[in-house]
Amino acid sequence: MNGESPAANSITVLVVDDEPSNLTSIEKIFQRDGMTVLTAHNAREALDILRVHPVDVVLTDVMMPATSGLELLRAVKQLAPDVELVLMTAYGTVEAAVQAMRDGAYDFVEKPLKRMTIVKTVRKAAERRSLTLENRQLRQELSVLVGREIVGSSAALRRVLDIALQAAPSSATVLVLGESGTGKELLARFIHQHSSRRDKPFVAVNCSAIPESILEAELFGHEKGAFTGAVSKREGRFARADGGTLFLDEIGELSPAVQVKLLRVLQEGEYEPVGGEPHKADVRIVTATNRDLAGEVAAGRFRSDLYYRLNVIALTAPPLRTRREDIPLLVDHFLTVYCKKNAKPRLSVARETLQKMAGYSWPGNVRELENVVERAVVLCRSDTLRLEDLPETIVENENVTDSTITFGVGTPLDEVERRLIRETLRHAKGDKSVAAQLLGISTRTIYRKLGEEEGKPREE
Ligand SMILES: Nc1ncnc2c1ncn2[C@@H]1O[C@H](COP(=O)(O)OP(=O)(O)OP(=O)(O)O)[C@@H](O)[C@H]1O
Ligand SMILES: [Mg+2]
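Residues numbered from 1 in each chain as written. Chains lettered and ligands numbered in written order. Predicted model: local features only at pLDDT ≥ 70, side-chain atom pairs only at ≥ 80, totals over all residues.

Quick look at the overall build of the protein
Next, step 1: Along the backbone of the protein there are 19 helices and 14 strands.
Next, step 2: Taking 2.2 N^0.38 as the reference for a compact globule, 460 residues should give roughly 23 Å; the C-alpha atoms of the protein span a radius of gyration of 32 Å, well beyond that estimate.
Next, step 3: Put simply, the protein has 460 residues, and 32% of those count as buried.
Next, step 4: Considering only contacts in the protein between residues 6 or more positions apart, those separated by 24 or more positions represent 70%. (Helix = DSSP H or I, 4+ residues; strand = E, 2+ residues; numbered from the N terminus. Rg over C-alpha atoms; globule rule 2.2 N^0.38 Å. Buried ≥ 20, exposed ≤ 12 C-beta atoms within 10 Å, placed from the backbone. Contact = placed C-beta atoms within 7 Å.)

Written out as structure tokens, the structure reads:
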């Protein structure tokens, strides 16, 4: 769907009227227009049809013997909330029709019916329904995007995801710690997606990006006239996150005044709009910081009582340099994402490029890696990412090869191989899959080579 009106031949309309001759003539009108027409003589029949048949628009008479059009409207809204309903009103029932519109009817047409009018109205109703469906689809797609996949198979990441999964269904506050770019916000969204609040809003607030003077009003909302400039009542992020999850990012930057207010919400389960009455807060709170929050508490910059309330469950997103085996997976993931985004064919990565990346320390963690891959995809002129597509800081980075091995001329090749493998393994902190990546061989080969070595008495 693309926002255009649905073609008439894709519209299904259900006509409900107790008068058979009306039913036949209306049926003809819509059929001539190319729509699919279903008919029912009363509300019960109509509901039976709706239960089994996809319908876009119900066109119903208001005055019917057993169940009126208004009662049918309510039943339809229960059964199939996004089916649109148009009422046919006779003289004297217009008032009822107006009430019906308040109850969710799309429109009403007056009897005697005019062909053009009813066709136009039903088409418009169908158009609104298709927009509703389209919006829902977009929202779903968005939530898939928003609940972006967490890539990585390292034990360190899996441990964190396990805790997050365990914590998700509860309403406990979660504190996400970790260096910048490690995926703290992603974890917060992951928790939301795996909680029963997933269909309600996930509202993220970056506490450091909002000036201290307006943060309180931004979080809790304000009444009209609560302060100079508060020209109208405004709802805050707590209200917007109602039933869902409120993600307070950079919580370490909260001013003492707002810390007190937040503590109150956590203690009382209520928040107070500026100048207004307290409201019940049905919000799951997840916070994050890249500061050492315990240190901030010790230094007296962060309230300890608030810290303990926020820290019911703590997760630490591990830095990328401690889980290097995730690097190739992340490179692969972001290559797919950014090649698609830039409408390029899927690029491959030269081994030396991957080696460089696997050996770099990534102080900006996954975000830095993501940026590097995006940049490389944009700059790359061939079908393979090469060293020259990486930023100089990474290319010139020597931390992988900082341990150099020297061999005397004539050193037997198998010895060179073994020492190289052992040295690389040491460098990869014993992680065979990382060492294999760096050496461009399979982990099996490493096992095999080392296995061979075990069999033979050797020097060292
Ligand atoms: N494991 C992962 N898999 C896929 N993408 C990831 C992963 N971790 C982080 N990212 C991506 O890296 C970027 C940074 O992640 P995020 O914003 O969650 O980090 P952060 O810890 O909140 O960073 P900061 O402290 O700078 O706010 C985002 O684009 C996110 O989607
Ligand atoms: Mg963040």
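Focus on the sheet that holds strand β7 (residues 202-206)
Next, step 1: If you walk across this open sheet you meet the five strands as β7-β8-β11-β6-β12, and the pairing is parallel. The sheet terminates laterally at β7 and β12 (313-317), the two strands that pair on one side only. The average angle at which neighbouring strand axes cross in this sheet is 20°, direction not considered.
Next, step 2: With five bridges joining them, β7 and strand β8 (residues 245-249) adopt parallel strand pairing. Opposite Val205, over in β8, you have Leu248 as the bridge partner.
Next, step 3: Set on the sheet, helix α6 (residues 155-167) makes contact with β6 (174-178) and β12; between it and β12 the angle comes to about 150°. (Pairing = 2+ DSSP bridges. Axes fitted to C-alpha atoms, helices over the stretch in contact; angles between N-to-C directions.)

A look at the site of ligand 1
Next, step 1: Around ligand 1, the structure places 18 residues, and the nearest of them are Val151, Gly183, Lys184, Glu185 and Val366.
Next, step 2: Looking at the shell around ligand 1, the elements that each hand over two or more residues are α7 (184-193) and α15 (365-379).
Next, step 3: When grouped by side-chain class, the residues that make up the shell around ligand 1 number five nonpolar, eight polar and five charged. (Near = placed C-beta within 6 Å. Nonpolar A, V, L, I, M, F, W, Y, C, P; charged D, E, K, R; others polar.)

Quick word on the packing of helix α14 (residues 351-359) against helix α18 (residues 432-439)
When two helices pack together, their arrangement is captured by the angle between the axes and the distance separating the axes.
Next, step 1: The contact between α14 and α18 brings their axes to 8 Å, and the two run at 140°. With respect to each other, α14 and α18 are oriented oblique. Facing α14, whose interface residues are Leu354, Gln355, Ala358 and Gly359, α18 presents Val434, Gln437 and Leu438.
Next, step 2: Counted by class, the contact of α14 with α18 contains four nonpolar, three polar and no charged residues. (Parallel < 35°, antiparallel > 145°, perpendicular 65-115°, else oblique.)

Considering the pairing of β6
Next, step 1: For β6, the buried fraction is high: four of the five residues fall into the buried class.
Next, step 2: Judged from the four bridges that link them, β6 and strand β11 (residues 284-289) form a sheet pairing that is parallel. Across the sheet, Leu177 pairs through a bridge with Thr289, a residue of β11.
Next, step 3: In the sheet, β6 pairs with β12 via five bridges, with the strands oriented parallel. From the neighbouring strand, Leu177 faces β12, where its bridge partner is Thr316.

A look at the nonpolar core
Next, step 1: If you look at the biggest cluster of nonpolar residues, it comprises 42 residues, and the most contacted ones within it are Ala164, Val176, Leu187, Ile191, Phe238, Leu246 and Leu315.
Next, step 2: Apart from the residues lying within four places of it in its own chain, the contact partners of Leu315 are Val160, Ile163, Ala164, Val174, Val176, Leu177 and Leu187.
Next, step 3: The next biggest cluster of nonpolar side chains, apart from the first, holds 36 residues, and it includes Ala43, Leu59, Val62 and Met88. (Core = buried A, V, L, I, M, F, W, Y, C linked by C-beta atoms within 7 Å.)

Notes on the sheet that holds strand β2 (residues 36-40)
Next, step 1: In spatial order, the strands read β2-β1-β3-β4-β5; together these five strands make up an open sheet with parallel pairing. Two strands in the sheet have a free side with no partner beyond their single neighbour: β2 and β5 (107-110). Across the sheet, the mean angle separating the axes of adjacent strands is 20° when strand polarity is ignored.
Next, step 2: Here four bridges tie strand β4 (residues 84-89) to β5, and the two strands are oriented parallel to one another. Looking across to β5, one finds that Met88 is bridged to Val109.
Next, step 3: Across the sheet, helix α2 (residues 43-52) is in contact with β1 (12-16), β2 and β3 (57-61); its angle to β1 comes to roughly 160°.
Next, step 4: Across the sheet, helix α3 (residues 69-79) lies against β1, β3 and β4, angled at about 155° from β3, the strand it touches most.

Some details on unusual backbone geometry
Next, step 1: Cis geometry is adopted by the peptide bond preceding Pro112, which originates at Lys111 and carries an omega value of 0°.
Next, step 2: Along the chain, Pro112 falls in the loop between β5 and α5 (115-146).
Next, step 3: Positive phi is not limited to glycine here, since Ala343 has a value of about 50°.
Next, step 4: Take Ala343: it is sitting in the loop between α13 (326-341) and β13 (348-349).
Next, step 5: Even without glycine at this site, Asn365 takes up a positive phi of about 55°.
Next, step 6: Examined against the element boundaries, Asn365 turns out to sit in helix α15.
Next, step 7: For Asn365, a count of 22 C-beta atoms within 10 Å puts it in the buried group.

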